[in-house]
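# Report on the structure
Spelled out, the chains give:
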Amino acid sequence: MPLPPGDAEMLTTACDYCAVACGYRVYRWPVGRQGGPRAAENALGLDFPLRNDDPARPMPWVSPAQHNVVTYRGRAHHVIVIADWEARAVNLRGNHSMRGGTLAQKCYNPQTATRERLTQPMIRVNGKLTPVSWDLALDAMAHISKHVLAEHGEHAWAVKAYSYQYFENTYAITKLALTGIGTPAFAPHDKCANTNDATGLDDAGIDSFSASFEDWGACDVLLMSGVDPFVTKTTLFTGWIMRGANPHKKLIFVTPHKTMGVAWGLKQGGLWLPIVPGTDTILHNALARIIIENGWQDQEFIDRWIASTWEVDSGYGRGTRNTGWQWRTTWGAWQSDWPDYRKFILAQDEHKLENAARITGLRAEDIYRCAELIARPRSDGSRPKSSFMLEKGNYWSNNYMNSASFAALGLICGAGNRPGRVISRGGGHQRGMVNAGGASGWLSPEKYPGRRKKALNLDRWLMDGKLRFAWVFGTTWVSAMAGSAALRGAIERLTRENPHQITSLDRGALFETLSQRVDSGGMVLVDSDIYPVEPLGTQFADILLPAATWGEEDFSRCNSERRLRLYSKFYDAPGEAKPDWWAVQAFARKMGYGAHYGWKTGSDVFEEAARFSRGTVLDYAGLVAEAKKRGVPGHELLRSLGTTGIQTPIRVSDGQLAGTKRLHDPENQWGPTESTDLRRPFLYAFNTHSGKALLLKSPWRFPGWIEFYQAIRPRPEKGEIWVTNGRVDETWQSGFDDCRKPFTAGRGPHPLIFVNPADAAPQGIESGDRVLVRNDAVYVQTGMPQGVLETDLGFDSLLRNGHIRVTQAEFEAIAIVTADIREGVAKANFNFPGAAANSVVHAVPDPLTNNYRYKLGRGVLIRLGESPHKRSFSVLTLKPRAVI
């Protein structure tokens, strides 16, 4: 590998992938020279080859996957992207995952498969994508947008966008959609509506990212529901959970798949609970019952931090009904104080240990052992420091009830606001959303029973033919959503199958064709991305816009412990690719909104967005105010913080920036600060009116849940099993980078499905076989039913009233047969191009949250034959993965 010469430039950044966001250094220097092996001859300041006689001393070893050649200021440059071996936060000692270890190879280089990057705007003419100027593409977008708004209204103009891809971009996008256009037709990348993920945590008063990484390292017991952090957040697991202040902690995993982190936890004396998908609420409530029956609850914490009846009902002066949890849960019928919650837990038969074991498919002794680990006091009376982590396997199966019951379980164990005793998400994407506000959500035609505010389901709005224009930013949309085959069919019908197709780039003819399309009931689709996305960009989009991404522009965002850092630009974006904030601004000016879009740099957007971060857990307004006081751009002050960055909310005291380690911690009762407003109760108490947490009852037989669950369970008479989905360690998201980076492309990636031997045997399926997964009854909700009674939005009522359509779907994957997956459950890696596991998942959202239940697919497995990898050892490994 070429070593950087002593005068090579060094910049800092963070990983582009998982929620941990490890810190990295980038070394850049012109092609044609390199450093020498002596310490004085290279920018690393080390003698090569490396000799490390001190195992405690981290050393920067550069691998071929950490090197690339890029263009900077029009000239070829070497770059090395290496984990910061002197990092003081996040990835200590330069720890990193294999995803981050290949970051350099994601950079555009026409000598690699990254040559497939979008480099200039394109319009589909006669079915073929044709390069055009930014001016023509934006003119066409503005013309049809004005027509749609005038003739069809703001409801017909939509945005589907990532919620994580940097503050600068998300602020610009939401400013345009929610305030400029003022549309309610907006949804983030992973949801069908503009909602929160783990809403049960929110309603309990717990922010989903309240914890710090130190908390995961300091606990005695860590209960992880629906997640193996080794696979999905590798450095969090290897750097903090395996180590941290207490490396001897006990790990409990609730997941049907035994992956590598689970295997390591078991070896350390932990516990694996291979649960039946969708039954987590029963497990949580059964654990609570065991704890209550034995008197193991943390009564001191409950008396201090759990809201009383009066405190539950306290509100804004209009009573309790002016809160989100009241809109969702039948005027607050699920909210309870400690005596009421205790009565609820003890009164339900399904919470009894033997019944819970039957429903969840777990051994009764394992459930009891779990309760002992998380709550049983020691002989000296001290309590275990237990923390509670949940992720998508939990809240994407029974969205509200799983997250609400999980929060209640953690609270009665004394977790939520103390070091090593936290309740929080582990994180999927990084936290890159600054919402520009706007009240367009009130325009949604959807209502909860009683006509209470509910976010618009964008997928259903599209499938019902209500959209005329959609602008998609950086998401696959189709394969990422439930019932993806039905969604794909609807998009195809509204775009490619509409008779009004572009045949000429003549402006008059182009504008007329698009107008005829939308007036005939069709839709114009614009896709902004870095690669042509299958099928949105490759088949359906009328206009493609090339986006600049990581490393090609200065960007900012937080990781899952709210640590804010600058992601430095270190090379030129390919061709005419521009950051999405630039494209939004250029479009807004074409629309006549230019007076409100005057940004010249990404730092200008960052500084404007700071105003809208105020009062949120990502508040960085103090940093921007301090930057202005020092006379430097906001980006430059953030750059000076390097890979350490700073945890939000940020305050300024005596001219110094200070961060916030964890939320809800009473130790955060700071004195006077120079910041705009950092006296928000969620900093030092729970995020409720009283500052005390709410215990939420989660009744298993709630019609909005149990009717759906009974309808979608696998049908044994058809040979069906559960078909869930999740991440695979070596593939990030849809594999958009992984299939183009030489290191990862050489080892896959491929659509995989993990199958238990007992489920594989009837079809003769072996590892390496091609398998078709088919569901002949995928339920898709239609129309915009407005509930009056609580039962109106239950599955049975929707079916009876004609709001459920039955569809069929299938996808193909390569089998890995392993006893590490629970019998009766198969798991596919999700969102893989051309093999959408979500196609066999039902597009009927949780009526309490409007979120899909992605983990509850079903289907039959059909062997199609051998894949090329069954008898080849050159690319894909089919070996068991639970190795340690």
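All values reported here derive from a predicted model rather than from experimental measurement. (Residues numbered from 1 in each chain as written. Predicted model: local features only at pLDDT ≥ 70, side-chain atom pairs only at ≥ 80, totals over all residues. Heavy atoms only, no water.)

Moving on to unusual backbone geometry. With an omega of 0°, the peptide bond running from Phe48 to Pro49 counts as cis. Relative to the elements of secondary structure, Pro49 occurs in the loop between strand 2 (23-30) and strand 3 (67-72). Of note, the amide linkage connecting Thr648 to Pro649 takes the cis form, showing an omega dihedral of -5°. Relative to the helices and strands, Pro649 resides in the loop between strand 22 (646-647) and strand 23 (651-653). With a phi angle near 85°, Tyr166 is a residue other than glycine that sits in the positive phi range. (Helix = DSSP H or I, 4+ residues; strand = E, 2+ residues; numbered from the N terminus.)

Considering the arrangement of structural elements, one finds Ser97 in the loop between strand 4 (75-83) and strand 5 (122-125). A relative accessible area of 10% places Ser97 in the buried class. Of note is the side chain of Ser97, whose polar atom sits 3.1 Å from the backbone nitrogen of Gly100. Excluding its chain neighbours within four sequence positions, the residues that come into contact with Ser97 are Thr234 and Thr235. (Buried < 20%, exposed > 50% of the residue type's maximum accessible area, 1.4 Å probe, protein only. Polar contact = N/O pair within 3.5 Å; in protein donor to acceptor, adjacent residues only side chain to side chain. Contact = heavy atoms within 4.5 Å.)

Glancing now at the domain arrangement of the protein. When the parts of a complex come together, some accessible area is lost, and that lost area is often taken as the interface size. Each domain of the protein was delimited in the assignment, giving domain 1 (9-107), domain 2 (122-183 + 432-558 + 563-567), domain 3 (199-425), domain 4 (595-683) and domain 5 (703-866). The C-alpha-based centres of domain 3 and domain 4 are spaced at 31 Å. Of the residues lining the interface, 14 residues belong to domain 3; the matching set on domain 4 comes to eight residues. Buried area between domain 3 and domain 4, both sides added, is near 820 Å², and the carbon and sulfur share of it is 53%. (Domains from an automatic or database assignment. Buried area = accessible area lost by both parts, 1.4 Å probe.)

For Arg662, the position within the fold is in the loop between strand 24 (656-658) and helix 25 (681-684). What makes Arg662 buried here is its relative accessible area of 8%. Each C-alpha atom of the pair Arg662 and Phe209 lies 8.5 Å from the other, and the pair is 453 residues apart in sequence. Within polar-contact distance, the side chain of Arg662 engages the side chain of Asp665 at 2.9 Å.

The seven strands are arranged 6-5-19-18-17-7-8 in an open sheet whose pairing can be described as mixed. Edge positions in the sheet fall to strand 6 (128-131) and strand 8 (186-188), since each of these pairs with one other strand and no more. If you compare each strand with its neighbour and ignore which way they point, the axes differ by 20° on average. Pairing between strand 17 (residues 469-473) and strand 18 (residues 524-529): five bridges, direction parallel. (Pairing = 2+ DSSP bridges. Axes fitted to C-alpha atoms, helices over the stretch in contact; angles between N-to-C directions.)

The next subject is the packing of aromatic side chains. Applying the stated rule across the entire model yields 36 aromatic pairs. Here the aromatic rings of Phe167 and Tyr620 are separated by 5.4 Å at their centres, their planes lie at 10°, and the arrangement is stacked. Of this pair, Phe167 sits in helix 2 (residues 167-181) while Tyr620 sits in the loop between helix 22 (602-613) and helix 23 (621-630), placing them 453 residues apart in sequence. Tyr620 shares its class with Phe167; the two are buried. Through a chain of ring-to-ring contacts, three or more aromatic side chains come together here, namely Trp700, Trp705, Phe708, Tyr709, Trp722, Tyr779 and Phe795. Over the aromatic face of Trp305 sits the side chain of Arg304, whose NZ or CZ is 3.9 Å from the ring centroid. (Phe/Tyr/Trp six-rings, centres within 6.5 Å; stacked < 30°, edge-to-face > 60°. Lys NZ or Arg CZ within 6 Å of the ring centre and 35° of its normal.)

Another aspect to go through is the side chain of Asp366. The residue Asp366 is located in helix 14 (residues 364-375) in this model. In this structure Asp366 comes out as buried when scored by relative accessible area, which is 13%. Residues within four places of Asp366 in sequence aside, it is in contact with Leu271 and Leu273.

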